[in-house]
Amino acid sequence: MGVGLSAAAPLLQSFTTKENFVPVNFATGFDQQPLPYAYTALENVIDAMTMELHYSKHAAAYSKNVKDAAAAEKVDMTKPLEDVLANISKYSAKMRNNGGGHYNHEMFWQCMRPKRENNAPTGKLLAAIEKEFNSFDNFKKQFAEFGKNRFGSGWAWLYINKENLITIGSTVNQDNPLMDVAEIKGFPLLGLDVWEHAYYLKYQNRRADYIDAWWNVVNWDHVQQRLDSYKM
Ligand SMILES: [Fe+2]
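Q: Account for the coordination of the iron ion, with residues named and values stated.
A: Around the iron ion, the donor atoms from the protein are His54 (NE2), His105 (NE2), Asp193 (OD) and His197 (NE2), and they sit 1.9 to 2.1 Å away. What the four donor atoms of the iron ion show is an angle range of 93 to 132 degrees at the metal, which sorts the shape as tetrahedral. Summarised as a motif, the one-chain spacing of the donors to the iron ion is H-x50-H-x87-D-x3-H. Pair noted here: histidine 105 is in helix α4 (residues 93-110) and aspartate 193 is in strand β4 (residues 186-193), with a separation of 88 residues, a long-range link.

Q: So what's going on with the pairing of β4? Which residues, and what values?
A: Counting buried residues in β4 gives eight out of eight residues, a clear majority hidden from the surface. Both strand β2 (residues 154-161) and β4 contribute to a ladder of seven bridges, which runs antiparallel. Paired with leucine 158 across the bridge in β4 is leucine 190.

Q: Give me the lowdown on the nonpolar core, citing residues and values where you can.
A: Formed by 65 residues in total, the largest nonpolar core has its most connected members in Phe139, Phe143, Leu158, Leu190, Trp214 and Trp220. Ranked by residue count, the leading element in this core is helix α2 (residues 48-72), at seven residues. When near neighbours in sequence (up to four residues on either side) are disregarded, leucine 158 contacts Ile129, Phe139, Phe143, Ile166, Thr167, Ile168, Pro188, Leu189, Leu190 and Val223.

Q: Residues and numbers for the pairing of strand β3 (residues 165-172), please.
A: Here β3 lies mainly inside the structure; six of its eight residues are buried. Where β2 and β3 come together, seven bridges link them in antiparallel fashion. Bridged to tryptophan 157 within β3 is glycine 169.

Q: Lay out the packing of helix α6 (residues 136-149) against helix α8 (residues 207-214) with the relevant residues and their values.
A: At their nearest, the axes of α6 and α8 sit 10 Å apart, and the two run at 145 degrees to each other. Crossing geometry of α6 relative to α8 is assigned as right-handed. Side by side, α6 and α8 meet where Phe143, Ala144, Gly147 and Lys148 of the first sit next to Arg207, Ala208, Ile211 and Trp214 of the second. Here the residues of the contact of α6 with α8 sort into five nonpolar, one polar and two charged.

The rules we used
Along each chain, numbering runs from 1 in the same order as the chain's sequence is written. For a predicted model such as this one, the threshold for reporting local features is a pLDDT of at least 70, and the threshold for listing and counting side-chain atom pairs is 80 or more; totals across whole chains, interfaces and linings nevertheless cover every residue. As a rule here, side-chain values come from all non-hydrogen atoms in the structure, and water together with hydrogens is ignored. Coordinating donors are taken as N, O and S atoms within 2.8 Å of the metal, stretched to 3.2 Å for Na, K and Ca; because water is absent from the atoms, sites can appear incomplete. Site shape is set this way: if four donors have all angles between 85 and 135 degrees, tetrahedral; if opposite donors are over 155 degrees apart and all others between 65 and 115, square planar for four donors and octahedral for six; otherwise irregular. Here a strand is any run of E in DSSP of at least two residues, a helix any run of H or I of at least four, and the numbering for each starts at the N terminus. Throughout this description, buried means an accessible area under 20% of the type-specific maximum (1.4 Å probe, protein chains only), exposed means over 50%, and partly exposed covers the range between. Any two strands are treated as partners once DSSP identifies two or more bridges connecting them. Residues grouped as a nonpolar core are buried Ala, Val, Leu, Ile, Met, Phe, Trp, Tyr and Cys residues, joined through side-chain atoms within 4.5 Å. Here, residues are in contact when the closest pair of their heavy atoms is within 4.5 Å. An axis is simply a line fitted to the C-alpha atoms; with a helix, the fit covers only the stretch in contact. Between two such axes, the angle follows the N-to-C directions and lies from 0 to 180 degrees. In a left-handed crossing the near helix is turned counterclockwise from the far helix by less than a right angle, and in a right-handed crossing that turn is clockwise. Under the scheme applied here, ten amino acids are nonpolar (Ala, Val, Leu, Ile, Met, Phe, Trp, Tyr, Cys and Pro), four are charged (Asp, Glu, Lys and Arg), and all others, including Gly, are polar.

In structure tokens form, the structure reads like this:
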């Protein structure tokens, strides 16, 4: 079950139309974009050392490696990465791992901001979440379960599925809902990185504590913008 986003109906077909699959506002390039805040900006939730290593080493490597794969596999890098992800089954494992890794991290940085008290979505996004999950707290609980229960490395997602419903799920490794091979498919609104490299320095094995703290830095304005973009 999910919340119907009837205003988005014209875009439903876009899931099968490569050129229109992704809202233009959120088309992703192959180069790593600047971090939208300082490494220290999320302190008390995510420490600066983790942020620096995560952005400048892990995520930077995904960007470099997806460009290497794209060059080798004759991908036009002037076009959105989303075009490749939608057809990732036609490409190499290197493209899948690093294309997903690059996309997921570019999105992840945008999905966070400095800590706020009582951090929560508002407006239509909150209404949609409450309708689907009964309450924001219940949504957070169910989303966190996907993050905690993802064995090994992966991501938890809030996304719009092919039935145009807002829902949650998780993917393994660097897969994401845009991929034709993913366990869940749709347009991602919010992603949570549960790889150990995202939290181990501060939280060690306590992934659940990392997720609990992470809610304080979620950029709900960005999530709302992604939802609005999808409905355009
Ligand atoms: Fe990561």
